[in-house]
Amino acid sequence: MLFYNTRVSFLERGISVKRLTLFAGHYGSGKTNIAVNYAMMLKKQGFDVVVADLDIVNPYFRTKDSEDELKKMDIELISSQFANSNLDLPSLPQEMYRTVQDKSKYAVMDIGGDDAGAVALGRFAPFIKDENNYDMVFVVNFFRPLSRTAEEAFEIMKEIEAASKLKFTSIVNNSNLGDLTTVKDILSTETEAEKLVALSGLPLKMTSVKESLYNELNDKTNNLFCLALQNKIF
Amino acid sequence: MAEKVLMKGNEAIAEAAILAGCRHYFGYPITPQTEIAAYMAKKMPKIGGCFLQAESEVAAINMVYGVAGTGKRVMTSSSSPGISLKAEGLSYMAGSDLPCLVVNIQRGGPGLGGIQPSQADYFQATKGCGHGDYRMIVLAPSSVQEMASLTIKGFDLADKYRMTSMILADGTLGQMMEPVSLEEAVINDYDKSWAVTGTEMKRKKNLINSLSLVPEELEKLNFERYEKYKLVEENEVMYEEYMMDDAEVCVCAFGITARIAKNAIAMARAQGIKAGLIRPITLWPFPEKVLEEAADKVKGFVCVEMSMGQMIEDVKLATKCKKPVSLCNRVGGMIPSPEQVLEKIIDADKGGNE
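Residues numbered from 1 in each chain as written. Chains lettered and ligands numbered in written order. Predicted model: local features only at pLDDT ≥ 70, side-chain atom pairs only at ≥ 80, totals over all residues. Heavy atoms only, no water.

1. Notes on the overall build of chain A
Here's step 1: What chain A contains, in helices and strands, is 9 helices and 8 strands.
Here's step 2: Taking 234 residues into account, the globule formula puts the C-alpha radius of gyration at 17 Å, and chain A, at 16 Å, falls close to it.
Here's step 3: Each principal axis of the C-alpha distribution contributes one length, and for chain A these read about 45 × 40 × 35 Å.
Here's step 4: Across the 234 residues of chain A, 54% fall into the buried class.
Here's step 5: Put simply, of all contacts in chain A between residues at least 6 apart along the chain, 76% involve residues at least 24 apart.
Here's step 6: When the accessible area of chain A is evaluated, it comes to approximately 9900 Å², of which 50% is carbon and sulfur surface.
Here's step 7: Averaging the positions of the 27 positive and the 32 negative side-chain charges in chain A gives two centres separated by 2 Å. (Helix = DSSP H or I, 4+ residues; strand = E, 2+ residues; numbered from the N terminus. Rg over C-alpha atoms; globule rule 2.2 N^0.38 Å. Buried < 20%, exposed > 50% of the residue type's maximum accessible area, 1.4 Å probe, protein only. Contact = heavy atoms within 4.5 Å. Areas by Shrake-Rupley, 256 points an atom, 1.4 Å probe, with all protein chains shown as cover. Lys, Arg positive; Asp, Glu negative; His and termini not counted. Charge placed at Lys NZ, Arg CZ, Asp CG, Glu CD.)

Following this line, the structure appears as structure tokens:
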């Protein structure tokens, strides 16, 4: 299975993987899906990684939906004991502290949507800043109604930084229209993505696409990331 | 950017309401519909509209009553327990013949129940909700695109008939994301000379009120209102027929369960069982005629519902019990699987149901 367009691992390409990778962004931008796929990619490349679900906002469509797939790959999932239950309780388990305190393991953290969701990250921010070995990735889908432009996305970015007390370090362009996404759709968002890079001064870490578009886009886009696992019920 | 956007069902409702000219939203947060309020909170201040988080559902519906009295387009949204709280206000709105749009993104019940999807507020939506003799137009979308289009339609019908339109969806439709194209809504200009807009000393004052002290007059109002409801029943029924041309088993489902039913119908057809679907889009007025006609052609009906069986009563009434009607259901936040529906279709095909 292809994951990165150079077909070599991060390490072989000389890109250092930070111990913590945090995915945050507008709700519905695709954070959870990317987090799960990213953790699987790290695991395949030999990293000892855990997935931490810090989403205290959204009660539906969570990392918990991918628990079986993660388990099969021997990736631990730390999430609220109430995730996918009938209880809408915004809580995080005490185990969550392991992700910031146990430095022997890599962690991929799935942050809740918008500034409201990023509030939960605030209490871990001092640990994360102290260790200073993290990549906080802003996930953007320019087909989402409240982040159609780089300016709108930048506004959300600032709100999340204020709520989480952490600064972003890179960007993922996850623009898509679900099942109907075409190669053309993704290419059409490149200008906005570049604008966001210019506005924020942050690098574009990768462009993420569903598996069926991966091959066609591979020679057209830098740092393409394949979202092989898609949890879809309907 | 592109014409299509990727939206959650809840967001599609909110954006469509804005396109339909709604500039007043009053609500109180409850899962799984909170994105409607969140979207309105972000958008309304930017377009000169009003978003107000009320102190409770009861307050919110009475704010809706106030704006509706001025003839402006206004809405509120909630999920099951919150709609129960709004029931009193909905009855007052009906008694005052006021138009508004109310959204119910249903969750499991009764009581506080849970936050996972449900269709168990069918009775509440179609059989009254609050007290007294009245009806609401109940629209049941089954895709994110329809969440948008039926919201626009709902505002139009509300103005046309001076009554409440309700969008009855469930947590899954509210939360799931699908591509949507949002087009400019056609906003029809209905007579609103009844609205309270200030007389400027030029006309007789209008009064918005549901209190009637004289029994003879209150009776007359009720009779007149039901004449109006008859017009709605005659003119506004909406439904979708899917593979019904040669169908021998008719599945009846609305909203999210209709999507599951379509998958089950494909599986049944692959086995040589001629199944089809009638999907009511208006739950009130209920598509009685098409169901009665189907009863003369099919062996039986299968109602797929995320409730203990509520719409099934209307299906039995509409078909005058000419053919067996069986129930295929999950409740409490659970969703039926296509396999479960298929099993019931096979039973109905053998004539073994009920």
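2. Brief notes about the nonpolar core
Here's step 1: Core analysis: the biggest nonpolar cluster contains 93 residues, and Met75, Phe301 and Val315 of chain B have the highest contact counts within it.
Here's step 2: Of the residues forming this core, the biggest block, 8 residues, is contributed by helix H6 (residues 144-161) of chain B.
Here's step 3: Core analysis: the next-biggest nonpolar cluster, separate from the first, contains 36 residues, Leu22, Val50, Met157 and Ile171 of chain A among them. (Core = buried A, V, L, I, M, F, W, Y, C linked by side-chain atoms within 4.5 Å.)

3. Comments concerning a nonpolar patch on the surface
Here's step 1: On the surface, Leu211, Leu213 and Val214 of chain B cluster together to form a nonpolar patch covering roughly 330 Å² of accessible area.
Here's step 2: Position of valine 214 of chain B among the secondary structure elements: in the loop between strand E8 (177-181) and helix H8 (215-235). (Patch = residues over 30% accessible without salt bridge, like charges linked within 9 Å, V, L, I, M, F, W, Y side chains within 5 Å. Salt bridge = Lys/Arg side-chain N within 4 Å of Asp/Glu carboxyl O.)

4. Remarks on the domain arrangement of chain B
Residues and elements named next belong to chain B.
Here's step 1: With domains assigned, chain B is organised as domain 1 (4-190 + 208-235) and domain 2 (240-349).
Here's step 2: Listed per partner, the contact involves 31 residues of domain 1 and 25 residues of domain 2.
Here's step 3: Of the roughly 2300 Å² buried at the junction of domain 1 and domain 2 (both faces included), carbon and sulfur atoms supply 59%.
Here's step 4: Where domain 1 touches domain 2, the interface holds 3 salt bridges.
Here's step 5: For lysine 127, the salt bridge is made with aspartate 314, and the minimal N-O distance between the two is 2.7 Å.
Here's step 6: Applying the counting criterion to the domain 1 and domain 2 interface returns 15 residue pairs in polar contact (both at pLDDT 80 or more).
Here's step 7: Counting residues per element, the ones that place at least two in the side of domain 1 that touches domain 2 are helix H5 (122-126), strand E6 (137-139), H6, strand E7 (164-170), helix H7 (171-175) and H8.
Here's step 8: Split by residue class, the side of domain 1 that touches domain 2 holds 17 nonpolar, 7 polar and 7 charged. (Domains from an automatic or database assignment. Buried area = accessible area lost by both parts, 1.4 Å probe. Polar contact = N/O pair within 3.5 Å; in protein donor to acceptor, adjacent residues only side chain to side chain. Nonpolar A, V, L, I, M, F, W, Y, C, P; charged D, E, K, R; others polar.)

5. Structural notes on the sheet that holds strand E3 (residues 76-78) of chain A
All names here are of chain A.
Here's step 1: In space, the 8 strands of this open sheet follow the order E3-E2-E4-E1-E5-E6-E7-E8, with parallel pairing throughout. Every other strand in the sheet has two partners, leaving E3 and strand E8 (224-227) as the edge strands with one partner each. The mean inter-strand angle of the sheet, taken between neighbouring strand axes irrespective of direction, is 25°.
Here's step 2: Contacting strand E5 (134-140), strand E6 (170-173) and strand E7 (204-210), helix H8 (residues 190-200) runs over the sheet at an angle of about 170° to E6. (Pairing = 2+ DSSP bridges. Axes fitted to C-alpha atoms, helices over the stretch in contact; angles between N-to-C directions.)

6. So, unusual backbone geometry
Residues and elements named next belong to chain B.
Here's step 1: Along the chain, threonine 31 connects to proline 32 via a cis peptide bond; the corresponding omega equals 5°.
Here's step 2: Summarising the element assignment, proline 32 is placed in the loop between strand E2 (24-27) and helix H2 (34-43).
Here's step 3: At the junction of tryptophan 284 and proline 285, the peptide bond is cis and its omega measures out at 0° in the coordinates.
Here's step 4: Within the secondary structure, proline 285 sits in the loop between strand E12 (282-284) and helix H10 (288-295).
Here's step 5: Non-glycine residue cysteine 321 carries a positive phi angle of around 55°.
Here's step 6: Cysteine 321 gets classed as exposed once you look at its relative accessible area, which sits at 54%.

7. Things to note about the state of the cysteines
Note on terminology: a disulfide is the covalent bond linking the sulfur atoms of two cysteines.
Here's step 1: The final tally for this structure, using the stated rule, is 0 disulfides over all chains.
Here's step 2: The thiol of cysteine 50 of chain B is not disulfide-bonded; the next cysteine sulfur, from cysteine 22 of chain B, is found 9.7 Å away. (Disulfide = S-S within 2.5 Å.)

8. Considerations on the side chain of aspartate 135 of chain A
All names here are of chain A.
Here's step 1: Structurally, aspartate 135 can be placed in strand E5.
Here's step 2: The class for aspartate 135 is buried, based on a relative accessible area of 11%.
Here's step 3: Polar contacts involving the side chain of aspartate 135 include one to the side chain of threonine 169, which spans 2.4 Å.
Here's step 4: Setting aside residues up to four positions removed in sequence, aspartate 135 forms contacts with Lys18, Leu20, Thr21, Leu22, Thr169, Ser170 and Lys205.

9. What to know about the sheet that holds strand E5 (residues 100-106) of chain B
Residue and element names in this part refer to chain B.
Here's step 1: Pairing is mixed in the open sheet, where 7 strands are placed in the order E3-E2-E4-E5-E7-E6-E12. Bordering the open sheet on either side are strand E3 (50-53) and E12, each of which pairs with just one other strand. In this sheet, neighbouring strand axes are inclined to one another by 20° on average, regardless of whether the strands run parallel or antiparallel.
Here's step 2: One ladder, built from 4 bridges, connects E2 with E3; its direction is parallel.

10. With respect to the pattern of salt bridges
Residues and elements named next belong to chain B.
Here's step 1: Inspection of the entire model under this criterion finds 31 salt bridges over all chains.
Here's step 2: With a closest N to O distance of 3.8 Å, glutamate 293 and lysine 289 form a salt bridge. Taken together, the residues glutamate 293 and lysine 289, both in helix H10 and 4 residues apart, mark about one turn of the helix.
Here's step 3: Given a relative accessible area of 63%, lysine 289 falls into the exposed group.
Here's step 4: Because the salt bridges share partners, they merge into one network encompassing Glu146, Glu240, Lys262 and Arg279.

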